[in-house]
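Descriptive analysis of the structure
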Amino acid sequence: MDPDMWRVRRFLHRLRAFLRPGASERELARELTAQLGLLEDEYRRRGLRPDEARLAARRSLGGVDQLKELHRDARSIPWLEDARRDVPHAFRSLGRNPGFAFAAVATLAIGIGANTTMFSVVNSVLLKPLSYARDSDRLVRLMMDMPAEDSPTRAPLRTAVGLSAGEIAELQRRTRALSHVGTVGPVLMGLGGHEEAARLQGARVSASVFPMLGARPLLGRVFDSADERTGGGHVVLLSHSAWQRLFAGDHAVVGRTIRLESVLGPRRQSHYTVVGVMPGEFRFPTGTTQFWLPFQPAGTGPVIRGPMLGRLADGVSIEAAAAEVAPAVRQLRGHPARIRYELVREQAELVAPVRPALLVLWAAVGVVLLIACVNVANLLLARSAARQREFAIRAALGAGRMRLIRQALAESLVLALLGGTAGVLLAVAGVRLLRTLATTLERMDLGSAVSFPRLYDLGLDGVALVFTLGVSVAAGVMFGLAPAFGRPAGGASASLRASRLGTGRLLVIAEVAMATVLLVVGTLLVRSFVKLSGVGLGYDPQQVLTFQVAVPVERYPDERLKAFAEAVVAGLRAVPGVQAAAYANQLPMVVLKDTFRVGRMPDSRAAANPGGADARFVSRDYFRAMGIRVRAGRGFDEAGEPRDARALLINQALARREFGRESPLGATVFVGRDPHPWRVIGVVDDVRQFGFDREPEPQFFAELRRWAPEAGPLFPLGAYYAVRTTSDPWGVVPHIRQVVRGLDDRAALFNVAPMQQLVSTTLSRPRMYAVLAGVFAGVAVLLAAIGLYGVIAYTVARRTREIGIRMALGAHGTQVMRAILGRSLATSLVGLVLGLAGAAAGARVLESMLFGLRPLDPATYVGVSLAFAAVATVASYLPARRVMKVDPVAVLRCE
Amino acid sequence: MPRGPDRVELLQGTLDLIVLRALATMGPQHAYGLAARLEQTGDHRLTLNQGTLYPALVRLEQKGWIRGTWRTTEHNREAKYYTITKPGLRALEKQTERWRRLVGLLDRLLLDGS
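Residues numbered from 1 in each chain as written. Chains lettered and ligands numbered in written order. Predicted model: local features only at pLDDT ≥ 70, side-chain atom pairs only at ≥ 80, totals over all residues. Heavy atoms only, no water.

Description of the interface of chain B and chain A
The extent of an interface is frequently quoted as the accessible surface area lost upon association of the parts. We count it as follows: Here a residue-residue contact requires only that any non-hydrogen atoms of the pair lie within 4.5 Å. Using a 1.4 Å probe, buried area is obtained as the accessible area two parts lose upon being combined, added over both of them. The salt bridge definition used is simple: a Lys or Arg side-chain nitrogen within 4 Å of an Asp or Glu carboxyl oxygen. Here a polar contact is taken to be a pair of N or O atoms separated by no more than 3.5 Å, where protein atoms must pair a possible hydrogen donor with a possible acceptor and residues adjacent in sequence count only if both atoms sit in side chains.
Residue-level contacts link 25 residues of chain B with 27 residues of chain A. Both sides of the chain B and chain A interface together cover about 2400 Å² of buried area, and 59% of this is carbon and sulfur. For chain B, the biggest contributors to the area lost against chain A are B:Tyr32, B:Tyr54 and B:Gln62; these three give 31% of the whole. In this assembly, chain B and chain A are joined by one salt bridge. Taking the shortest distance from any N to any O, the salt bridge between B:Glu78 and A:Arg30 comes out at 3.1 Å. At the boundary of chain B with chain A, the tally comes to one residue pair in polar contact (both at pLDDT 80 or more).

The following block contains the structure:
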């Protein structure tokens with residue numbers, strides 16, 4: 001037997017005794033009774049009378065309560081026993097003062113709830129391993145930093161290094177540092193052969209991706225290298241949701257075929273054999289991926305490249321892997337040395353766009369909690385003054401200083417845990433709100449920059465609850481100990497008062513400073529969002545409905561698509577409530593970019609001036625439907641007269657670039673390699689085509705009906721329709737469906753959304769940051785104001801006597817009030833200055849989150865100072881005013 | 001009870017040893033009986049109130065060195081009788097050995113000089 005076994009046994013006994021106090025108390029009572037009986041017998045034997053014997057027995061046993069106490073100490077765990085008594089005591093004592101308890105718990109609930117919410121986000125998005133991959137911290141991605149001269153956008157660009165299927169295979173042969181190398185790219189397919197045409201979002205993946213991620217199929221198999229060889233091609237893996245929707249979860253799906261139509265690039269329809277179904281948690285590369293195709297079977301069409309993914313081999317560091325992989329990739333791709341490569345962790349890269357903001361917001365809620373703690377500490381300080389007598393009595397009865405501190409801690413812990421429980425409830429609502437704020441239209445055509453990464457992982461889980469518990473306990477100890485140490489061991493009441501006021505003032509300064517920092521951050525983010533959303537878009541998204549139409553590819557070869565779109569628009573014009581209807585190859589906020597060279601001279605191969613412009617192919621009514629103003633000249637002719645056969649409209653940016661101050665109207669320009677000139681018939685407003693924060697680019701508009709494309713499909717993403725309505729845009733949807741169905745019984749609407757929603761979805765991240773930072777700042781200021789109020793009210797209450805005497809000696813009420821007010825404002829001012837300095841020092845981290853504002857924006861700082869001064873004045877004036885009500889006579893009478 | 005210089009205060013940790021020893025030689029005892037016997041054996045020079053004995057018994061029982069069972073006395077009272085257990089006997093042996101060594105050491109340290 002282990003020699004120390006008895007320690008374990010003893011601890012278990014004590015724990016049991018603690019957990020079942022009733023049983024051990026009964027045992028104790030029983031033993032003491034037996035003991036008394038035995039003693040009594042003994043005394044009787046010695047010749048005492050029964051009643052004498054009983055008394056003698058009691059005497060000789062000694063103090064029963066003392067004995068019990070000793071016994072309890074031996075039997076159980078003393079500090080836990082103390083806690084058992086302290087906790088109910090704490091509840092009783094809080095119950096006697098429900099106003100205080102409510103204020104403290106509510107304050108803490110807000111602080112802790114906000115923290116739990118933000119922690120849940122940080123944990124689910126930044127910290128938790130990716131749900132679709134095993135050991136996701138070993139997954140890496142190769143990024144490159146291009147200097148402006150190599151970048152297609154003529155601005156420094158950071159992007160993933162793309163590799164083709166062949167390059168991936170070659171890299172795998174050459175490298176030992178990566179155990180798996182693969183690639184993935186998005187793909188959009190039309191679903192054929194079904195009742196209604198539909199669009200599916202999917203991904204092309206190399207076969208190595210599945211072992212790389214450690215992903216197993218739910219049914220069937222994943223891809224293997226045979227699927228990547230020539231002729232291996234037409235196989236598909238379905239997502240869980242696609243399997244449910246298309247095959248109603250039929251287990252016999254493996255081996256069946258679906259018809260998929262490629263809608264990007266040349267339109268072709270093929271049969272694909274379902275080889276497997278992936279489980280629901282395999283959200284790779286995004287949560288909306290519905291199927292997977294082999295990346296690119298050898299020899300099928302022009303080479304496509306996707307971002308390189310890899311898994312670090314066992315024991316290889318990311319630096320060592322980078323040293324081996326970068327030269328190999330450089331050789332494969334032939335990039336010049338000035339393009340720098342960097343191997344980054346996949347998870348970090350995935351969440352990189354939201355990481356700084358989440359950390360800032362997390363820090364912000366941490367500050368909110370600190371302020372909440374300071375407030376509660378202040379409340380406790382005030383209360384401990386009121387409870388001086390209680391503590392004095394308990395100390396006189398023999399409670400040690402530690403015992404009293406423990407008692408105070410028990411109270412603050414009870415408060416903190418109550419606050420934490422309420423906080424968790426708030427956090428449930430908070431997480432829900434955050435999810436709503438972060439949710440965007442899940443559309444591939446809006447680009448990945450819009451959606452919030454890993455939103456599907458967002459939730460309150462066990463880890464978050466443990467975090468909450470930890471935060472609550474830490475908060476409880478923090479604000480519980482402050483008053484405990486602020487209270488001297490005893491001694492003169494003068495020192496008592498001085499020390500307590502000192503602590504209170506320090507707390508207020510800290511509180512004001514922290515709230516100032518948050519107010520600056522919140523104001524910056526809110527103003528930035530207001531500026532961003534106030535940007536002139538160049539079009540009017542109100543009351544515009546946008547949608548797309550999926551048509552069976554076998555019925556509509558390319559040359560019939562124009563006619564179909566024209567027919568749809570003609571039908572839409574007849575719908576009641578429709579003011580204008582148009583189609584285009586893309587809409588604002590859609591990421592597709594078609595760049596053509598536009599110049600006043602034919603394609604002169606003048607490399608010096610690239611002269612690119614974004615091309616928009618639209619129908620005649622596009623400007624009316626979208627609300628784009630034609631600044632000069634006119635739009636396309638209604639009737640489509642022959643004089644408009646080669647007509648263009650250009651935007652102001654292009655007009656400025658090509659014509660300067662001249663009027664472009666009637667001038668001719670050359671587009672792309674087309675040797676024939678185009679005539680400019682109008683100039684339109686600049687449109688923010690690719691988002692609020694991107695300056696408008698030179699753009700031209702051609703009538704799609706007359707455009708003879710140089711190459712490539714007319715509608716790379718399918719035609720987009722825009723309908724301007726007289727009232728609620730959703731209202732016309734049934735009519736539109738009717739029109740479309742009337743043209744083709746298998747046509748179906750998809751991507752139906754008011755233009756306003758597309759606009760709003762691209763603003764979702766800045767909106768979320770602004771809302772959160774604004775709310776946190778508001779709460780912080782409110783709490784600081786309450787704290788200030790509390791301290792002043794407490795001061796006035798404590799000094800009533802002194803004030804009374806002063807007033808009896810001739811001081812005026814307003815003088816006294818002014819003195820108190822002045823002192824309070826001086827305190828706030830110190831906090832304000834410290835806070836402004838802190839904010840200025842830390843605001844740099846906000847740089848990337850701000851639009852049209854600098855982190856040191858003077859107006860913000862001045863505004864915050866003024867606002868805070870006003871709040872502090874009101875919060876101090878309200879309690880200070882009570883000085884006026886002090887009646888010197890009443891005070892003196894009390895003396 | 002005798003008072004004065006003759007009374008011996010127990011050294012920390014020796015009570016456990018004495019209780020174990022008493023139970024080993026005298027067989028099952030209830031707490032009162034144990035106290036009475038110890039005082040007798042100790043020639044009434046041993047201070048042993050219930051207040052110290054009780055926690056010791058609880059401690060020993062929790063360690064598993066003694067076991068208490070409720071029985072009836074000859075006078076038909078119920079009382080908890082404590083018996084030494086096998087781990088208790090082993091512990092007694094070890095502790096006694098340690099105690100002997102300690103006493104021997106103390107003897108040498110305290111008496112050699114005189």
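Focus: the nonpolar core
All names here are of chain A. What counts, and what does not: For the purposes of this section, nonpolar cores are sets of buried Ala, Val, Leu, Ile, Met, Phe, Trp, Tyr and Cys residues that join through side-chain atoms within 4.5 Å. Think of it in three bands: with a 1.4 Å probe and only protein chains considered, a residue is buried below 20% of the maximum accessible area for its type, exposed above 50%, and partly exposed in between. Secondary structure is summarised from DSSP: a helix means a run of H or I of at least four residues, a strand means a run of E of at least two, and numbering begins at the N terminus for each.
Formed by 85 residues in total, the largest nonpolar core has its most connected members in Leu358, Leu415, Phe479 and Phe776. Examining the composition of this core, we find that 16 residues originate from one element, helix H13 (residues 355-386), more than from any other. Leave out the neighbours within four places in its chain, and phenylalanine 776 touches Ala114, Met118, Leu361, Ala364, Val365, Val368 and Leu518.

Observations regarding the environment of A:Glu703
All names here are of chain A. Relative to the helices and strands, glutamate 703 is located in strand S21 (residues 699-703). When the C-alpha positions of glutamate 703 and leucine 649 are compared, they lie 9.1 Å apart, and in sequence the two are 54 residues distant. When sequence neighbours within four positions are dropped, the list of residues in contact with glutamate 703 reads Val618, Arg620 and Phe636. Separated by 3.5 Å, the side chains of glutamate 703 and arginine 620 make a polar contact.

Notes on the confidence of the model for chain A
Residue and element names in this part refer to chain A. How we decide: The predictor's confidence in any single residue is recorded as pLDDT, a number from 0 to 100.
Here chain A shows a mean pLDDT of 83. Residues at 70 or above account for 89%. Ranking the helices and strands of chain A by mean pLDDT puts strand S22 (residues 720-725) first, with 94, and helix H4 (residues 64-75) last, with 68. Note on residues 487-500: pLDDT under 50 across the span, and 18 contacts to partners over four residues away in sequence or across chains.

Some words on the confidence of the model for chain B
Chain-level statistics for chain B give a pLDDT mean of 78 and a share of 77% at 70 or above. In the predicted complex, the global pTM is 0.75; the interface-specific ipTM is 0.74.

Comments concerning the packing of helix H2 (residues 21-45) of chain A against helix H3 (residues 50-61) of chain A
Residue and element names in this part refer to chain A. Heads up, the rule is: Fitted lines through C-alpha atoms serve as axes, helices being fitted only where they are in contact, and the angles separating the N-to-C directions of these axes extend from 0 to 180 degrees. Note that the term roughly parallel is reserved for angles under 35 degrees, roughly antiparallel for angles over 145, roughly perpendicular for angles of 65 to 115, and oblique for everything else. Two helices crossing with the near one rotated counterclockwise from the far one by less than a right angle form a left-handed crossing, whereas a clockwise rotation gives a right-handed crossing. Following the grouping adopted for this structure description, the nonpolar residues are Ala, Val, Leu, Ile, Met, Phe, Trp, Tyr, Cys and Pro, the charged ones are Asp, Glu, Lys and Arg, and the polar ones are all others, Gly among them.
Interhelical geometry of H2 versus H3 gives an angle of 125 degrees and a closest axis separation of 8 Å. When the interaxial angle is binned, H2 and H3 end up oblique. The element H2 and its partner H3 pack so that their crossing is right-handed. Of H3, the residues touching H2 (which contributes Leu32, Gln35, Leu36, Leu39, Glu40, Tyr43 and Arg44) are Pro50, Ala53, Arg54, Ala56, Ala57, Arg58, Ser60 and Leu61. Here the residues of the contact of H2 with H3 sort into nine nonpolar, two polar and four charged.

Some thoughts on the sheet that holds strand S1 (residues 29-30) of chain B
Residues and elements named next belong to chain B. Using the following cut-off: Two strands qualify as a pair provided that DSSP identifies no fewer than 2 bridges between them.
Here three strands make up an open sheet; going across it, the order is S1-S3-S2 and the pairing antiparallel. Each edge of the sheet is formed by a strand with only one pairing partner; in this case those strands are S1 and strand S2 (66-72). Note that S1 and strand S3 (residues 78-84) share two bridges and pair antiparallel. Bridge pairing links histidine 30 to tyrosine 81 in S3. Running over the sheet, helix H1 (residues 14-26) touches S1, S2 and S3 and is turned about 95 degrees from S3.

Describing a nonpolar patch on the surface
Residue and element names in this part refer to chain B. This is how it is decided: A patch consists of residues whose relative accessible area exceeds 30% and which take part in no salt bridge; residues with like charges are grouped when within 9 Å of each other, and nonpolar side chains (Val, Leu, Ile, Met, Phe, Trp, Tyr) when within 5 Å. A 1.4 Å probe and the Shrake-Rupley method give the accessible areas. Residues count as covered only by the protein chains that appear here.
A contiguous nonpolar patch, built from Trp99, Leu102, Leu105, Leu106, Leu109, Leu110 and Leu111 and spanning about 680 Å² of accessible area, is present on the exposed surface. Locating leucine 111 in the fold gives a position in helix H4 (residues 86-111). Residue classification places leucine 111 among the exposed positions, given a relative accessible area of 52%.

Remarks on the pattern of salt bridges
Residues and elements named next belong to chain A. Under the criterion given, the structure shown has 35 salt bridges over all chains. Two residues, glutamate 658 and arginine 657, come together in a salt bridge whose shortest N-O distance is 3.1 Å. Exposure remark for arginine 657: the relative accessible area of 32% places this residue in the partly exposed category.

Some thoughts on unusual backbone geometry
Residue and element names in this part refer to chain A. In the segment running from phenylalanine 284 into proline 285, the intervening peptide bond is cis, with an omega of -5 degrees. With respect to the helices and strands, proline 285 occurs in the loop between strand S9 (268-277) and strand S10 (291-294). Here the phi dihedral of arginine 454 falls at roughly 60 degrees; this positive angle occurs in a residue that is not glycine. The exposure class of arginine 454 is buried, given its relative accessible area of 3%. Look at glutamine 543: it is not a glycine, yet its phi comes out positive at around 60 degrees. Assignment of secondary structure puts glutamine 543 in the loop between helix H17 (493-533) and strand S13 (544-550).

As for the pairing of strand S19 (residues 668-671) of chain A
Residues and elements named next belong to chain A. Relative to S19, strand S15 (residues 595-599) runs antiparallel, the two sharing two bridges. Note that in S19 the partner of glycine 599 across the bridge is phenylalanine 670. With two bridges joining them, S19 and strand S20 (residues 678-684) adopt antiparallel strand pairing. In the sheet register, threonine 668 faces S20, and the bridge partner there is arginine 679.

Remarks on the packing of aromatic side chains
All names here are of chain A. To be explicit about the condition: Stacked, edge-to-face and tilted are the three classes for Phe, Tyr and Trp ring pairs, Trp counted by its six-membered ring, which pair at centre distances within 6.5 Å; planes under 30 degrees apart are stacked, over 60 edge-to-face, the rest tilted.
The full count for this structure, using the stated rule, is 17 aromatic pairs over all chains. A ring pair is formed by phenylalanine 119 and phenylalanine 467, whose centres lie 3.9 Å apart and whose planes are at 5 degrees; its orientation type is stacked. With phenylalanine 119 in helix H6 (residues 98-127) and phenylalanine 467 in helix H16 (residues 462-486), this residue pair connects regions lying 348 residues apart in the sequence. For phenylalanine 119, a relative accessible area of 8% translates into the label buried. Considering the side-chain rings of phenylalanine 596 and phenylalanine 617, the 6.0 Å spacing of their centres and the 80 degrees angle between planes classify their relative orientation as edge-to-face.

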